[in-house]
Structure formats: structure tokens, C-alpha cells
Amino acid sequence: MDLNKNNIGKKNCIRWAVLIAVSVIFSVLTELVFNFKLISIGGADRGVFSVGMEEISYTGFQLKGDVFVATGQEEAVIRIEKPVKYLSKLSYQRSPGKDMRTFVNVYSGGVSKELIDANNRCISISEQVINGPVEYMELAFEEPYEGMEISGITYDNTINFSWRRMLLFAAGMSIAMFLLLFRKTVGEHIEYAFLYIALAVGLVMTVGFPVQKVSWDEEYHFTSAYNLTFSKVVMTPEIIYYGDAYETGSLMYPKSEKEFAQFKEFLDNSDIYNYDNPEQVQKGGFLGLSSIGHIPSAVGMNIARLFKLPLSYVYIFGRIFNLLFYAACCFFAIRYMKLGKRLLAVAALMPTNLFLACVYSYDAAVNGLLFLATAIILSDIADEKAVFNRKKYALTMGLIFVASAIKIVYIPFVLLILIMPKDRFKTKKDMLIMKGFIIAGVVFAVVLLLFFVDLADFMSADLRGGDTNVSKQVEYILANIPSVAALVVKSIVSSFVSYSVGNGAYGLVGHWGGFPFEILIIVSVCVIVLTDGSELMLDIKSRAGVALIMLATTAVVWLSMYIVFTPVGSECIGGVQGRYFAPLRVPFYLLLAQPFVKLKIPKALHNMAVLLVPVVLNCGILAVAFCSWAK
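These numbers were taken from a predicted model, which means no experiment stands behind them.

The rules we used
The residue numbers shown here count from 1 along each chain, following its written sequence. Per-residue local features are limited, in this predicted model, to residues with pLDDT of at least 70; the limit for side-chain atom pairs, both in listing and counting, is 80 or more; totals at the level of whole chains, interfaces and linings are taken over all residues. Values shown for side chains rest on all heavy atoms present in the structure; no hydrogens or waters enter the calculation. Strands here are runs of E lasting at least two residues and helices are runs of H or I lasting at least four, both read from the DSSP assignment and numbered beginning at the N terminus. Here the globule rule is a power law, 2.2 Å times the number of residues to the power 0.38, and the radius of gyration is based on C-alpha atoms. The cut-offs for exposure are 20% and 50% of the maximum accessible area for each residue type, with area from a 1.4 Å probe on protein chains only; residues under the lower value are buried, those over the upper are exposed, and the others partly exposed. It only takes one pair of heavy atoms within 4.5 Å for two residues to be counted as in contact. Neither His nor the chain ends is counted toward charge; the positive residues are Lys and Arg and the negative residues Asp and Glu. Every charge is mapped onto a representative atom, which is NZ of Lys, CZ of Arg, CG of Asp or CD of Glu. Being paired, for any two strands, means DSSP has found at least two bridges between them. To obtain an axis, a line is fitted to C-alpha atoms, over the contacting stretch when the element is a helix, and the angle between two such axes runs from 0 to 180 degrees between their N-to-C directions. Angle categories: roughly parallel below 35 degrees, roughly antiparallel above 145, roughly perpendicular from 65 to 115, and oblique for all the rest. Two helices that cross are described as forming a left-handed crossing if the nearer one is turned anticlockwise from the farther one by less than a right angle, and a right-handed crossing if clockwise. Amino acid classes used here: Ala, Val, Leu, Ile, Met, Phe, Trp, Tyr, Cys and Pro are nonpolar; Asp, Glu, Lys and Arg are charged; the rest, including Gly, are polar. Along the chain, pLDDT gives the predictor's confidence residue by residue, from 0 to 100. Pairing of aromatic side chains requires ring centres within 6.5 Å, counting the rings of Phe and Tyr and the six-membered ring of Trp. Pairs whose planes differ by under 30 degrees are stacked, by over 60 edge-to-face, and all others tilted. By the criterion adopted, a ring carries a charge over it if an Arg CZ or a Lys NZ lies within 6 Å of its centre and within 35 degrees of its normal. Here a helix's expected span is defined as the number of its residues, less one, multiplied by 1.5 Å. Each reported salt bridge corresponds to a side-chain nitrogen of Lys or Arg within 4 Å of a carboxyl oxygen of Asp or Glu. Directions drawn from the helix axis to the C-beta atoms are what define this arc. Think of a polar contact as two N or O atoms within 3.5 Å of one another; within protein, one of them needs to be a possible hydrogen donor and the other a possible acceptor, and neighboring residues in sequence only count if both atoms come from side chains.

## Topic: the overall build of the chain
Point 1. Tallying secondary structure elements over the chain gives 23 helices and 13 strands in all.
Point 2. Relative to its length of 631 residues, the chain is compact, with a C-alpha radius of gyration of 28 Å against a globular reference of 25 Å.
Point 3. The burial tally for the chain puts 52% of its 631 residues in the buried class.
Point 4. Put simply, of all contacts in the chain between residues at least 6 apart along the chain, 78% involve residues at least 24 apart.
Point 5. The average position of the 55 basic charges and that of the 51 acidic charges among the side chains of the chain differ by 15 Å.

## Brief notes about the pairing of strand 4 (residues 67-70)
Side-chain direction in a regular strand flips from residue to residue, so the side chains alternate between the two faces of the sheet.
Point 1. Pairing geometry for strand 3 (residues 61-64) and strand 4, over four bridges, is antiparallel. Note that in strand 4 the partner of K64 across the bridge is V67.
Point 2. Between strand 3 and strand 4, which pair antiparallel one after the other, the connecting turn spans two residues, and G65 there sits at a positive phi close to 70 degrees.
Point 3. Direction of pairing for strand 4 relative to strand 11 (residues 149-156): antiparallel, over a ladder of two bridges. Within the sheet, the bridge partner assigned to V69 lies in strand 11 and is E149.

## A word on the environment of V201
Point 1. Structurally, V201 can be placed in helix 5 (residues 190-208).
Point 2. V201 sits 148 residues away from L349 along the chain, and the two C-alpha atoms are 9.2 Å apart.
Point 3. Residues in contact with V201, not counting those within four places in the same chain, are I175, L354, N618 and L622.

## Thoughts on unusual backbone geometry
Comment: phi is negative for the bulk of residues other than glycine, and the bulk of peptide bonds are trans.
Point 1. The phi angle at E143 is positive, at roughly 50 degrees, despite the residue not being glycine.
Point 2. By the element assignment, E143 lies in the loop between strand 10 (136-141) and strand 11.
Point 3. In this structure, D217 is a non-glycine residue whose phi angle is positive, near 55 degrees.
Point 4. By the element assignment, D217 lies in the loop between helix 5 and helix 6 (218-227).

## Considerations on the packing of helix 6 against helix 10 (residues 295-306)
Point 1. Two numbers describe how helix 6 lies on helix 10: the axes approach to 8 Å, and their chain directions differ by 55 degrees. Here helix 6 is positioned oblique relative to helix 10, judged by the angle of their axes. As for how helix 6 packs across helix 10, the hand of that crossing is right-handed. Along the contact surface, helix 6 presents F222, A225 and Y226, while helix 10 presents S297, A298, M301 and R305.
Point 2. Partitioning the contact of helix 6 with helix 10 into residue classes produces five nonpolar, one polar and one charged.

## Thoughts on the confidence of the model for the chain
For any part of a model where pLDDT is low, the fine detail of the predicted coordinates should not be relied upon.
Point 1. For the chain, mean pLDDT is 88; residues scoring 70 or higher make up 94% of the total.
Point 2. Here residues 453-458 is a poorly scored stretch, pLDDT under 50, and it has 10 contacts once near neighbours within four places are set aside; other chains count.

## Quick look at the packing of aromatic side chains
Point 1. Per the stated rule, a full pass over the model turns up 33 aromatic pairs.
Point 2. With centroids separated by 6.3 Å and ring planes inclined at 85 degrees, the aromatic side chains of Y241 and F266 adopt a geometry described as edge-to-face. Of this pair, Y241 sits in helix 7 (residues 237-242) while F266 sits in helix 9 (residues 257-268), and the two are 25 residues apart along the sequence.
Point 3. For F266, a relative accessible area of 22% translates into the label partly exposed.
Point 4. Sitting above the plane of the F260 ring, R164 keeps its charged end 3.6 Å from the centroid.

## Some thoughts on helix 10
Point 1. For helix 10, with 12 residues, the first-to-last C-alpha span of 16 Å sits near the 16 Å given by 1.5 Å per residue.
Point 2. Listing the buried residues of helix 10 in full gives P296, S297, A298, G300, M301, A304 and R305.
Point 3. Of the residues trailing helix 10, K308 is marked for its positive phi of about 55 degrees.

## Remarks on the sheet that holds strand 10
Point 1. Taken in spatial order, the five strands of this open sheet run 2-5-10-7-8, and their pairing is antiparallel. Strands with a single pairing partner mark the edges of an open sheet, and in this sheet they are strand 2 (56-59) and strand 8 (111-119). The sheet shows a mean angle of 15 degrees between the axes of neighbouring strands, taken without regard to direction.
Point 2. Bridge count between strand 7 (residues 100-108) and strand 10: six bridges; the pairing is antiparallel.

## Quick notes on the pattern of salt bridges
Point 1. A complete count under the given rule lists 20 salt bridges for this structure.
Point 2. Between R165 and E31 there is a salt bridge whose closest N-O contact spans 2.4 Å. With a gap of 134 residues between them, R165 in helix 3 (residues 163-181) and E31 in helix 1 (residues 2-34) connect regions that are remote in the sequence. Like E31, R165 is buried.
Point 3. Here E257 ties to R164 by a salt bridge, and the two come within 3.5 Å at their closest N and O atoms. Note that E257 is positioned in helix 9 and R164 in helix 3, a separation of 93 residues in sequence.
Point 4. The structure contains a network of salt bridges with shared partners spanning K338, D380, D383 and K392.

## Some thoughts on helix 17 (residues 470-479)
Point 1. Residues of helix 17 that are buried: V470, S471, Q473, V474 and I477. Within helix 17, the buried residues cover an arc of 160 degrees as seen down the axis, which keeps them to one side. Residues K472, E475 and A479 are exposed on helix 17 and point more than 90 degrees away from its buried face.
Point 2. On its buried face, helix 17 is in contact with helix 18 (481-501) and helix 21 (540-564).

## What to know about the pairing of strand 10
Point 1. By the bridge criterion, five bridges tie strand 5 (residues 76-80) to strand 10 in an arrangement that is antiparallel. Along strand 10, the bridge assignment pairs V77 with A140.

## A closer look at the side chain of S290
Point 1. Assignment of secondary structure puts S290 in the loop between strand 13 (281-283) and helix 10.
Point 2. Only 2.6 Å separates the side chain of S290 from the side chain of Y220, close enough to count as a polar contact.
Point 3. Aside from chain neighbours lying at most four places away, what touches S290 is Y220, Y362, A405 and I406.

Okay, structure coming up:
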């Protein structure tokens, strides 16, 4: 027995060694490919080359020494007459303190191409990837202001080994090797495959993303997490910058290694441990119930602050712990799930859901908690041998109530327990008590809502939606119930495909936009759903109950955004996004599962095939960003 365990241990050690070695070698070889042109052009053409003043002409500037100073009175253009057979990057210094876009027009062989160089206000260095021959270039500065300075124009042909790009390709290859070398584990315990993929891809996201806003409303989520501490916090100008929606709204990220390095230096100069400055010190604490969803990030940030790490590392630690909490919840949800394990694993790994776990967002906590709660409830509904005892009841109710405290629209999830068959309870008394509490709570909530027609006392409008007013909107709804109901139904139907299986559900990654080939997501998800072939399935009665509850929750989401985010009486509902329906999709998919549709392939191969879908989607999206940034 011990000998057999030793052999298994040795084999696993060999597998891990092979996995690591192949991943590292693959990432290095890939990086050599990206730098092949620079390697092949010869040593004389490699390096950093200054552009001489005799090679530059300009309009809209005054020349002061070696510095071009914009007059602010006319179009500002710099023309560079320095032809080269191949140029990797154009680099120059500029005045910091203001976001700026530059249109770089490259001319070669009678052909021109326009590149947009977006510059963050926090850094002074700017690099633009060219990667091609150059006869001459023109830099046209958008909205030049008086006193704007441009200097140090150089051509950069140095070989660049990007650690972000290498990390991405190493992670991608390691996932492929894990699925291959540990295929038996993948077949028998898909939750371990999920965990490895989530942590591998998630690590690339958490440390590879720019250390600033990349997702929806991240300035609010960061501020809430930063303030979650028992001690005081230091609100430096950099922290205030992070929490200001206007300041971070430009979304002009660093896009090269030099720009990343300078932005990190800008952040790390922030003295977030200077408690002697009373003007910057304030008491930490909860900003509201939604702050519960920021606790995982706050734990990471406080650990980093405990060791007095610089701000950039504090920011990354917050992301990492958000990912860890989400991955842990999903791991145990998939492990417990007795039907639709693959569906849950794939949904949890899809780009939008995993992306939300790797940035500052309470959506990750909400999704993780509800995934775990629904896994327990739906599994016990489907499994005739299950016993839904008081511990499970307390756990699932607690998970749903915590998630609902963060986002109240998910409170209808407690109704799932009402469709639990009576023979799943240990005693009839237990069933009556458990279901009775839920029914009483629902009745109380409905009466409370009807009593408080003026919801403004406990519900606030979102001013980002325009001319919003909660109490007036509620009055309008009560006076126009048929038309508002028709509007909600129309909204659900019109967005159904996108929000259930398309880009709205899985392809959006914050302010980067969406996956360019939505049809691939739709087809992949539909195939996975229709061929899941779980041994346990919901019966007709249970499916009807789940369908009604998911529909009710969907309607609540749309109606809530109509109340708090949409101008009074509007004929369309604003502010609704596909990510709000993440917890509803797996229960919905289980309604479509058919017992007669089964794939006659090994379980390990089936699991590997479905898991590769989110892996390819995630790595593809990251490759587009990282390869363009780090060229």
C-alpha cells in the first residue's frame, strides 16, 4: 500500500516537473518568435537611437533648447524625417498631468497607417509600437494646450522580453499540460481542473492588468475595499485619484513595459503609511451593506499593508484575494454539484465571470456565494437519496442572504427551497419550519413594499441614469402596470440570447469591450448545455418551479434598474447588463438538459473538451491585449 502511494507520488512529481519545464520553454520560445524580427535585423540596427533636431520639423510649437513647447494657438504637429528599414517602437517624453491622445501617422512605400497613442496623465513617457519600415512620421497631438512639452524623441529597436506575455503563454501551456498529464483527475474530479485553470488564468489577469481601473465602477469597489479596515487609512492624492470616477474615466492604460514601469513608480511614491498627516488620515469602515462583497479584497489589501508594501502591490493583493474567494466558492460548489458539474465549471470560468473575480468588484463574491447555494439546493432536489437537513438549510439561507445583502435583487433565490420535495427533509416538522420561514419572509417583504409606496426612504436612485426619481417611478409603475409589464417582457426577450449564451453573458471584459466572434460563444455554450448528460436531472415539476423562480428573479433585475437607473416613464430600461444574470444561468441551463442526449466518449475527454472552451476564450482575449501592449 505504502509502495503504491510512493509510486503515485513519484509519478506526480515527474508530471509536475514536466509541466513546469515545458511551460517555461514554450513561453521562452514564443517570446523569441515575437522578437524574431529584431534578432534578425543585425546588431547595428538594434538599440535606442536619438532623433536629431535636423531630422524634425514642426508646427504649433516653439523650440526651447531641445524641448518643443506647444503654443496652444494652432494645430500641434511634429514631423520626423528619419527613414529606417525597421522600427520597433517610437518613444518620447511629454508633460504629465493631463490625459492626451496622439495620432501617429507612419508613411512607408507610398502607404500610410494611423496609430493612436493614448497617454495616461500620471506618466510622462510615451511609447508607440510601429513594427515596420518607416520613411517619415507625423505626430498630431489632439487638443494641445499651451505649455505642453515634448522632448527626447527616440527610435527604439531593443529586444523586449515581456514578462506579461511570457506569463500568459506559460499559463496557457501549463493548462494544456495539466489536462493531458492529469487526465484521470480531470475525468473524476473536474473541480480540481477548474481550480487549476481559474488560478492559472486568474494569476495572469490579476498581475498582468494595468494597476488601475479596467472594469465597471471599479473606482467605487476599490475605495470601499480600501476603507475596510479596523485602523485608519491614509487618503493620499493617488488613492483619491483611484476613487474618482472622472479621474479614472479616461481608461488610458500604460501600453508598454516602460510605461507600465513608470506608472508603477508613480503609484509607489504614494505614502499610504504616513499617519502623521491629519489632513489625509480618516477612519476606515463599512460604506454600506454592499461592502460585504469587498471583504475578500480588503483582506488582501490589509495583509499587504501589514507588511507595508507599496501601493501597486496593495492593489494587486486586493485583486488576488478576490480571485481566491471566488475560486474557493466555485470549487466547493462544483465538488458538491450532483448534476451539471460541467455546466457550472464552464460558466464559472467564462471570461466575464473570471474577469470580475480578478478586478475590484463585489460581483465575484455574489456569484461565488450563489453558485454554492444553488449547487446544494438543486443537487438535493434532484437526488432522491439526499437529506436536506437544518445545517444545509442554514448554510444555503446564509449564503443567499449574504449575497442579497450585497445585491438585493437576488433574494428570490430563497424560493428554490420551496420546491424541495418533502421526502428530502428529515422530518415533516423540519419541512414545515424551513418552508414556513421562507413563506413568512416573502409575505412580510411584499407587505412592506406595498406599504412603502414612497421607496425613497430606503432606496436611492442612481444619478448616472439621468433624470431618475425612485418615488415618482414607483408611482408611474403602479399607475401603468400593464405597459410596464409589457416593457419588462420585451426587454427580457430582446436581450435573451446575448444575456444567456452570448457576449452579454460571457464575452464582455470591462472597458476593453467584447469578444469579436460572439457566434463562437453561442455555439459552444449551446453544445455544452445540450450534451451535458448528467446522471441526475430535475424532474418536470422541479423544472417548472426553477423556471418560475429564475423568471421572477430576471424580472426583479429589470424592474429594479427601471426604478433606480431609468428616467421616469421611459419606454426603455437602462443600466441592465448581462453580468447581473450570472447566478441564474446554470439553473436555466439545467432546464434544457435532456436524458436521451449523451456523448459516448470517455468522461476525461469530455471534461477536457468543455474546459478548453473558456480557456481558449480567456487566453485569446488576454493575448490580444498583452501582445499589443508588449510588442
